[in-house]
Amino acid sequence: SSKLHAEKLLCELKNKVNVTMLKRTEIPSDDSEWKEYLPVKSLGEEARQLGRCAVVSSAGSIKSSGLGSEIDSHDAVLRFNGAPTVGYHQDVGNKTTIRLINSQLVTLEEHQFLKNDLYNSGILVMWDPAPYHAEPSEWYRKPDYDFFGNYKIYRQKHPDQPFYILHPQAPWQIWDILQENTPENIQPNPPSSGMLGILLMMDLCDEVNVYEFIPSKRQTDICHYYQKFQDRACVMGAYHPLLFEKNLVKKISQGEDEHIYVKGRVTLPGFRKIHC
Ligand code: NCC
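As the structure is a prediction and not an experimental result, all values here were calculated from the model. (Residues numbered from 1 in each chain as written. Predicted model: local features only at pLDDT ≥ 70, side-chain atom pairs only at ≥ 80, totals over all residues. Heavy atoms only, no water.)

Chemist: Would you explain the nonpolar core in this entry?
Modeler: For soluble globular proteins, nonpolar side chains are generally found buried alongside one another. Trp34, Ile101, Phe113, Val125, Ile165, Met201 and Met202 are the most contacted members of the largest nonpolar core, which has 74 residues in total. In terms of residue count, the dominant contributor to this core is helix H9 (residues 193–204) (8 residues). Those residues in contact with Ile165, other than ones at most four positions away along the chain, are Met21, Leu22, Trp34, Leu38, Met126, Trp139, Phe147 and Tyr151. Of all hydrophobic cores here, the second largest spans 11 residues; its members include Val56, Ile62, Leu67 and Ala83. (Core = buried A, V, L, I, M, F, W, Y, C linked by side-chain atoms within 4.5 Å. Buried < 20%, exposed > 50% of the residue type's maximum accessible area, 1.4 Å probe, protein only. Helix = DSSP H or I, 4+ residues; strand = E, 2+ residues; numbered from the N terminus. Contact = heavy atoms within 4.5 Å.)

Chemist: In this structure, what is going on with the pairing of strand S1 (residues 50–56)? I would like to understand it.
Modeler: Looking along a regular strand, one sees the side chains alternate between the two faces of the sheet. Here S1 lies mainly inside the structure; 6 of its 7 residues are buried. Examined bridge by bridge, S1 and strand S6 (residues 205–211) share 6 bridges and lie parallel to one another. When the bridges of S6 are listed, Cys53 appears paired with Val208. In this sheet, strand S2 (residues 76–80) lies alongside S1 in parallel orientation, the contact comprising 3 bridges. By the bridge assignment for S2, Val55 is matched with Leu78. (Pairing = 2+ DSSP bridges.)

Chemist: Please clarify how the sheet that holds S6 should be interpreted in this entry.
Modeler: Strand pairing in a sheet relies on backbone hydrogen bonds. The paired strands run either parallel or antiparallel. Pairing in this open sheet of 7 strands is mixed, and the strands run S5-S4-S3-S2-S1-S6-S7 from one edge to the other. Edge positions in the open sheet fall to strand S5 (163–165) and strand S7 (265–269), since each of these has one partner strand only. Mean inter-strand twist for the sheet, computed between neighbouring axes without regard to direction, equals 20 degrees. With 3 bridges connecting them, strand S4 (residues 123–127) and S5 associate as parallel partners. What sits directly across from Met126, in S5, is Ile165. The strands touched by H9 are S1, S2, strand S3 (98–102), S4, S6 and S7; relative to S2, the strand with the most contacts, the crossing angle is about 160 degrees. (Axes fitted to C-alpha atoms, helices over the stretch in contact; angles between N-to-C directions.)

Chemist: Where do I start with the pattern of salt bridges in this structure?
Modeler: Any two side chains of opposite charge can pair, given that their charged atoms come close. Under the definition given, this model contains 15 salt bridges. Here Glu46 makes a salt bridge to Lys41, at a shortest N to O gap of 4.0 Å. Judged by its relative accessible area of 29%, Glu46 is partly exposed. Salt-bridge contacts for Lys263 lead to Glu70; the nearest nitrogen and oxygen are separated by 2.8 Å. Taken as a pair, Lys263 in helix H12 (residues 257–263) and Glu70 in helix H3 (residues 68–72) lie far apart in primary sequence, 193 residues in all. For Lys263, a relative accessible area of 27% gives the class partly exposed. Here the salt bridges do not stand alone but share partners, grouping Glu70, Lys263 and Arg265 into one network. (Salt bridge = Lys/Arg side-chain N within 4 Å of Asp/Glu carboxyl O.)

Chemist: Is there a simple way to explain the packing of helix H1 (residues 2–16) against helix H11 (residues 242–252) in this structure?
Modeler: When two helices pack together, their arrangement is captured by the angle between the axes and the distance separating the axes. Relative to each other, H1 and H11 sit at 115 degrees, their axes nearing to 8 Å. Mapping the contact onto sequence places His5, Ala6, Leu9, Leu10 and Leu13 in H1 and Leu248, Lys251 and Ile252 in H11. A breakdown of the residues in the contact of H1 with H11 according to their chemical character gives 6 nonpolar, 1 polar and 1 charged. (Nonpolar A, V, L, I, M, F, W, Y, C, P; charged D, E, K, R; others polar.)

Chemist: I'm lost on the packing of H1 against helix H8 (residues 170–180) in this one. Help?
Modeler: At a minimum axis separation of 10 Å, H1 and H8 run at an interaxial angle of 155 degrees. Comparing their axes, H8 and H1 come out roughly antiparallel. Where H1 crosses over H8, the two elements pack in a sense that is right-handed. Contact with H1, carried on its side by Leu9, Glu12, Leu13 and Lys16, involves Gln173, Ile177 and Glu180 of H8 and no other residues of that element. Here the residues of the contact of H1 with H8 are counted per class, giving 3 nonpolar, 1 polar and 3 charged. (Parallel < 35°, antiparallel > 145°, perpendicular 65-115°, else oblique. Left-handed = near helix turned anticlockwise from the far one by under 90°.)

Chemist: It is not clear to me how the site of the ligand should be interpreted in this structure. Could you clarify?
Modeler: Close to the ligand lie 20 residues, the nearest being Asn81, Asn102, Ser193, His224 and Lys246. Ser192 is positioned with one of its side-chain polar atoms (N or O) 3.0 Å from an oxygen atom of the ligand. A distance of 2.6 Å separates an oxygen atom of the ligand from a polar atom in the side chain of His224. Here the ligand, which alone exposes 740 Å², has 77% of that area covered by the protein. Here the residues of the shell around the ligand sort into 8 nonpolar, 11 polar and 1 charged. (Near = heavy atom within 4 Å. Polar contact = N/O pair within 3.5 Å; in protein donor to acceptor, adjacent residues only side chain to side chain. Areas by Shrake-Rupley, 256 points an atom, 1.4 Å probe, with all protein chains shown as cover.)

Right, here's the structure in full:
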């Protein structure tokens, strides 16, 4: 049955995906000083065990949802990249506990990562696409984006703000499960920030409500709720295997289909709450 299938998938995710942060000791001791900037405290210690959590996708379809107060009622809220709350709080809420950002945003001047105070609160987690199953030592010699300089500058400017780097193998552990559960070959690129954020919160929280990752009745080609630009690839994926990510999340969803249609909300259990 589909319920059995969902349990099997949840256990695979729980057992095979290690949504951990890069540690200083994983970078060879003779190499680079930037690793000295990695936080000492683990993310689990920093965020503590969380109860009800919300993951807010940046999709255009969250606009006019009026979901802001529902989202803020969670113990913790995760947002992505440059997604703002100011001016949009009625639809997306005000609270930001964790912000998951990609290395492109940290590195490219046009994104103004070092200048925009949007990034200065909450816990930051950055990720960079590594070669398939590369060890940290192989990856950091040729990252997708050379983010180290800006990471270091940011940490010097904001030493008290927790700022983690996702372990480079975590995205590929998720990718393997996406591929194993898909009959055709999927793009050999890491999952979107959305999928990574969902698993990060399943690791930290008892329950995770994900908003507008699976589109509601408000589905639109408008890419982000905070921009006018339209592109269907934002919903379906081009570089990222987004369609397959969404299929998997739909399969493990525990809420009612009505909640997807009306609110764009799926409910997922935290890994602590599932027994394999
Ligand atoms: O657009 P992005 O993602 O920042 O969105 C965050 C996550 O929300 C989900 N999403 C977004 C739009 C939409 N219409 N439907 C959705 O389901 C996705 O799960 C998405 O991951 C990324 O994953 O990091 C991404 O980042 C952007 C961009 O780099 C950042 O916004 C910084 O400017 C990428 N866009 C481009 O590179 C042009 C995007 O492909 C993936």
